[in-house]
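These are the residues of each chain, in order.
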Number of protein chains: 2
Amino acid sequence: MENLMNKISQEGLALSDAVLKVDSFLNHQVDPVLMKEIGETFASKFQRDSITKVVTLESSGIAPAVFAALTLNVPLIFARKRKSLTLQEDLLTADVYSFTKEETNTITISSKFLNEEDHVLVIDDFLANGQAAEGLIKVVSKSGASVAGIGIVIEKAFQNGGKRLRSKGIRVESLAKIAKLEAGKVTFVNEGSFV
Amino acid sequence: MENLMNKISQEGLALSDAVLKVDSFLNHQVDPVLMKEIGETFASKFQRDSITKVVTLESSGIAPAVFAALTLNVPLIFARKRKSLTLQEDLLTADVYSFTKEETNTITISSKFLNEEDHVLVIDDFLANGQAAEGLIKVVSKSGASVAGIGIVIEKAFQNGGKRLRSKGIRVESLAKIAKLEAGKVTFVNEGSFV
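Residues numbered from 1 in each chain as written. Chains lettered and ligands numbered in written order. Predicted model: local features only at pLDDT ≥ 70, side-chain atom pairs only at ≥ 80, totals over all residues. Heavy atoms only, no water.

- An unreviewed UniProt entry annotates chain A as Xanthine phosphoribosyltransferase of Guptibacillus hwajinpoensis.
- Under the UniProt heading Function (unreviewed entry), the entry covering chain A gives this text: "Converts the preformed base xanthine, a product of nucleic acid breakdown, to xanthosine 5'-monophosphate (XMP), so it can be reused for RNA or DNA synthesis."
- According to the UniProt record, the Subcellular location (unreviewed entry) comment for chain A reads "Cytoplasm". (UniProt positions renumbered as here; feature names shortened; annotations may be inferred.)

Some words on the UniProt feature "binding site: xanthine" (unreviewed entry) in chain A
Residues and elements named next belong to chain A.
Next up, step 1: UniProt's entry tags L20, N27 and K156 with the feature "binding site: xanthine" (unreviewed entry), counted in the numbering of this structure.
Next up, step 2: For L20, the contacting residues outside a window of four places in its chain are I8, G12, L13, A14, F126, I154, K156, I178, L181 and V186.
Next up, step 3: The topology assignment puts K156 in strand β9 (residues 146-156). (Contact = heavy atoms within 4.5 Å. Helix = DSSP H or I, 4+ residues; strand = E, 2+ residues; numbered from the N terminus.)

Overview of the nonpolar core
Next up, step 1: With 82 residues, the main nonpolar core has A:L4 and B:L4 as its most contacted residues.
Next up, step 2: Apart from residues lying up to four places away in sequence, A:L4 is in contact with A:F25, A:L34, A:I38, A:V153, A:L175 and A:A176. (Core = buried A, V, L, I, M, F, W, Y, C linked by side-chain atoms within 4.5 Å. Buried < 20%, exposed > 50% of the residue type's maximum accessible area, 1.4 Å probe, protein only.)

Observations concerning the packing of helix α2 (residues 32-45) of chain B against helix α3 (residues 62-72) of chain B
Residues and elements named next belong to chain B.
Next up, step 1: Taken N-terminus to C-terminus, the directions of α2 and α3 make an angle of 50°; their axes are 7 Å apart at the nearest point. Judged by the inter-axis angle, α2 sits oblique to α3. Pair α2 / α3 crosses with right-handed handedness. Every residue of α3 that contacts α2 at P32, M35, K36, I38, G39, E40, F42 and A43 is listed here: A63, P64, F67, A68, T71 and L72. (Axes fitted to C-alpha atoms, helices over the stretch in contact; angles between N-to-C directions. Parallel < 35°, antiparallel > 145°, perpendicular 65-115°, else oblique. Left-handed = near helix turned anticlockwise from the far one by under 90°.)

So this is what it looks like as structure tokens:
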């Protein structure tokens, strides 16, 4: 997605060869026009898949996912990263380790919002080693629902998450695929590099 | 806002005389059509106020706030509830106690996204005792930015947050004001009750 790759090139900060900071338009400050385009692009890719629910993980997935859900005219569910006092009954759960935050979170979805009739589009902001995506798939699958595929805003294609998911037959649609991060430079897969 | 009040009446669950659960359309599962209408309503109320940024608190504020930001054509910033490894430099912070979760969180905004030129619309899902709203105002104010007002999806008017904020001269626009919660029954301010 050209506008997304341009934005990453202009504002993304390669903090190391593994960490890309995009907090000016995705992870902290959010560009709503870009989020709308991202959400509509996901919806377009899955428009023939009879999606009944969009599922994402709080917090950075919510903005792109709500536009996908709006366009597909289905509800969005954002999985919680830990239990709250008002969400305790019948939780679907999976443990997810975050390499960025160096901690394990239990992600949860209330079982009353998903069942075996559902066909789910999973959306997340980043795909790196695939922990979060696999956790989301696990949680959705526990309800009996099926997963149509995963929409990823930014895939770090130099990490193994995308490969692992695709090798399991899971459809992964990434709007920007990063081949390499170096100080001050982001190289996209099949797209050349931007300085 | 009529559609919002109807939704609260139909799907809101009064768990006690203080706790209203709205996880079927706002706090966990999200109704994107309703979020769009809520966001556009906030934008409409503040359209003459030269808003430069919308600020909310992760996670439940993000969906309504991103539609407000889109309509006002300004960036959204979602304040984080704790520090992450990739967001450490120059943080604006405030401590917020959550009565629902019985814990204190430090809410943070990176100082690079707000300055004294900014005029901010703050949006949050609930207003009860005002802790989160006051924390957001504190964080925004630390940057030198001014606050145009606060947009609240659901105000529990029987708690004192709204009164405290308004007595300080802060403009508070609540789309649904709840006068009273009883088992199975939600009574709105000036709107009668729904069973």
